[in-house]
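# Summary of structural features
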Amino acid sequence: MEAPYDIILIGGGCSAMQWLRVFLEQEEAGQQQVLVVDKDQAFPDRTWCFWSNKPHGYENIVTHSWSKIRFASPWGETMQDVSPYRYHYVSGRHFFEAASKELLSKSNVHRITDTVQAVHQVNGQTEVHGETGQYSAKYVLSSVPSTEKLRNLSENKPLVKLWQHFRGWFIKTSEAAFDPEEVMLMDFRTPQRDGAVFFYVLPFTADYALVECTVFGQQIWDQFAYEEALRTYIRTYITTKDYEIKDTEEGRIPMSQRDFSRLGFDGTQALGTAAGNVKPSTGYMFLRSLRHVQQQFGAVPAQSVPPRFAFYDALLLRIIEESPEEVSRIMHALFTRNPFQHVFRFLDEESRLTDDIRMFATLPWRPFLKQLFKKILQPNKDPL
Ligand SMILES: Cc1cc2nc3c(=O)[nH]c(=O)nc-3n(C[C@H](O)[C@H](O)[C@H](O)COP(=O)(O)OP(=O)(O)OC[C@H]3O[C@@H](n4cnc5c(N)ncnc54)[C@H](O)[C@@H]3O)c2cc1C
């Protein structure tokens, strides 16, 4: 067992680096020995997007941001300038380069590669057991679920039923094909199968963009299914000319209201996805996790989210699960009949009840009413 640390972070991904950044701004932080334990030597390979209308502290690593947002569906399309909001793109490479330089390089911060398997409480210390070492601290935070608790979950009852799963290509086209000022947030002009399927296009220059095929569904696709959909979409809506695939992004994000923090290692404080910071109906997490961390340190006022937002998420998740074919119509109504700024405020859980009522009045009511009745009749059905 190594000499005890003051703090251990299990997992050194997005939320851990957000936590460390706010922690190191605290007065006493320099005297605390901090250990980050991550199973991989390399940092997670991903990108983060989020909209924001206020400073968020990561301005210096935003690779690109847009104020024009487009939505398309078989029934039409719309584009709005969302100022004062902007839609930001942060590459994982920039995020972790900054974290290495500004956080992990501090003399009191240490990072090691080890896979954590268990955590035990011994004489007021928390012991972290990895594959190759054991570490202890008074205070342990974890963005990783407990391996044992995951193992103990019944096989018939999957942890998550519904996923946002995706595969995207960073493509370079042989001629100008994009407007780098404008993001395609959701394009539903694509066959709907195994869930709600849409495309997402982030253009960085006139000839370079991330084009992503995203599915809200229960069935994860194989690589060829995404690739076929991507090829068809690019040929139909972007360019019939040559393009080169420069890079790929893939992933899946749980769309679930399950309390993930109950699956954490006992005696640790959950962070990030493991703390339930992913918005179940959208998959966005970056700013929610940052706010969670800032609230812990009193850097922003603690705000309780009205329970009605969890209720809206529950209805939407059930519609996605049971009637995915309705999703494109709901999204079409949402984005063509409302200012996008209102939609963002609503998804950020900052809208007023009167705004919500006005917004719901613009949506097809049948699927919501159906799920509302089901929820009244089956209030205790497991959360997705
Ligand atoms: C490809 C992808 C794209 C995404 N895009 C967006 C986006 O655009 N906007 C947005 O808001 N959200 C997005 N998300 C969702 C969310 O923001 C990310 O998943 C985010 O990285 C979650 O942060 P985290 O700290 O919870 O987990 P991670 O960043 O995944 O960090 C967890 C860390 O724990 C380590 N680890 C795992 N198991 C162990 C173990 N047993 N022992 C030690 N270490 C371990 C992993 O190696 C990893 O480094 C995306 C997710 C994915 C997968």
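Rules behind the numbers
Residues numbered from 1 in each chain as written. Predicted model: local features only at pLDDT ≥ 70, side-chain atom pairs only at ≥ 80, totals over all residues. Heavy atoms only, no water. Pairing = 2+ DSSP bridges. Helix = DSSP H or I, 4+ residues; strand = E, 2+ residues; numbered from the N terminus. Axes fitted to C-alpha atoms, helices over the stretch in contact; angles between N-to-C directions. Buried < 20%, exposed > 50% of the residue type's maximum accessible area, 1.4 Å probe, protein only. Domains from an automatic or database assignment. Contact = heavy atoms within 4.5 Å. Buried area = accessible area lost by both parts, 1.4 Å probe. Salt bridge = Lys/Arg side-chain N within 4 Å of Asp/Glu carboxyl O. Polar contact = N/O pair within 3.5 Å; in protein donor to acceptor, adjacent residues only side chain to side chain.

### Looking at the sheet that holds strand E15 (residues 208-217)
Sheet architecture is open: seven strands sit in the order E6-E5-E13-E14-E15-E12-E16, paired in mixed fashion. Sheet topology places strand E6 (76-81) and strand E16 (243-254) at the edges, where each strand pairs with a single neighbour. Averaged over neighbouring strand pairs, the angle between their axes works out to 15 degrees when direction is ignored. Inspection of the sheet shows strand E14 (residues 196-205) paired to E15 by nine bridges, in the antiparallel sense. In the strand pairing of E15, Tyr-200 is matched with Glu-212.

### Regarding helix H7 (residues 327-336)
Within H7, eight of the 10 residues are buried, which leaves the element mostly enclosed by the surrounding structure. Along H7, the positions that sit buried rather than exposed are Val-327, Ser-328, Ile-330, Met-331, His-332, Ala-333, Leu-334 and Phe-335.

### Section: the domain arrangement of the chain
Partitioning the chain into structural domains gives domain 1 (5-65 + 84-155 + 256-297), domain 2 (163-253) and domain 3 (307-377). Domain 1 and domain 3 are separated by 31 Å when their C-alpha centres are compared. Residue-level contacts link 11 residues of domain 1 with 12 residues of domain 3. Both sides of the domain 1 and domain 3 interface together cover about 1,200 Å² of buried area, and 51% of this is carbon and sulfur. Considering only the side of domain 1, the residues that lose the most area to domain 3 are Trp-51, Tyr-85 and Gln-257, jointly responsible for 46% of the buried surface there. Counting the contacts that link domain 1 with domain 3 gives five salt bridges. As a salt-bridge pair, Lys-279 and Asp-313 come within 3.3 Å of each other at their nearest N and O atoms.

### Some words on the environment of Gln-33
Looking at the secondary structure, you find Gln-33 in the loop between helix H1 (14-24) and strand E2 (34-38). Separated by 150 residues in the primary sequence, Gln-33 and Val-183 have C-alpha atoms spaced 43 Å apart. With residues near it in sequence (within four places) discarded, Gln-33 still touches Tyr-5, Asp-6, Ile-7, Ser-107, Asn-108 and His-110. Separated by 2.7 Å, the side chains of Gln-33 and His-110 make a polar contact.

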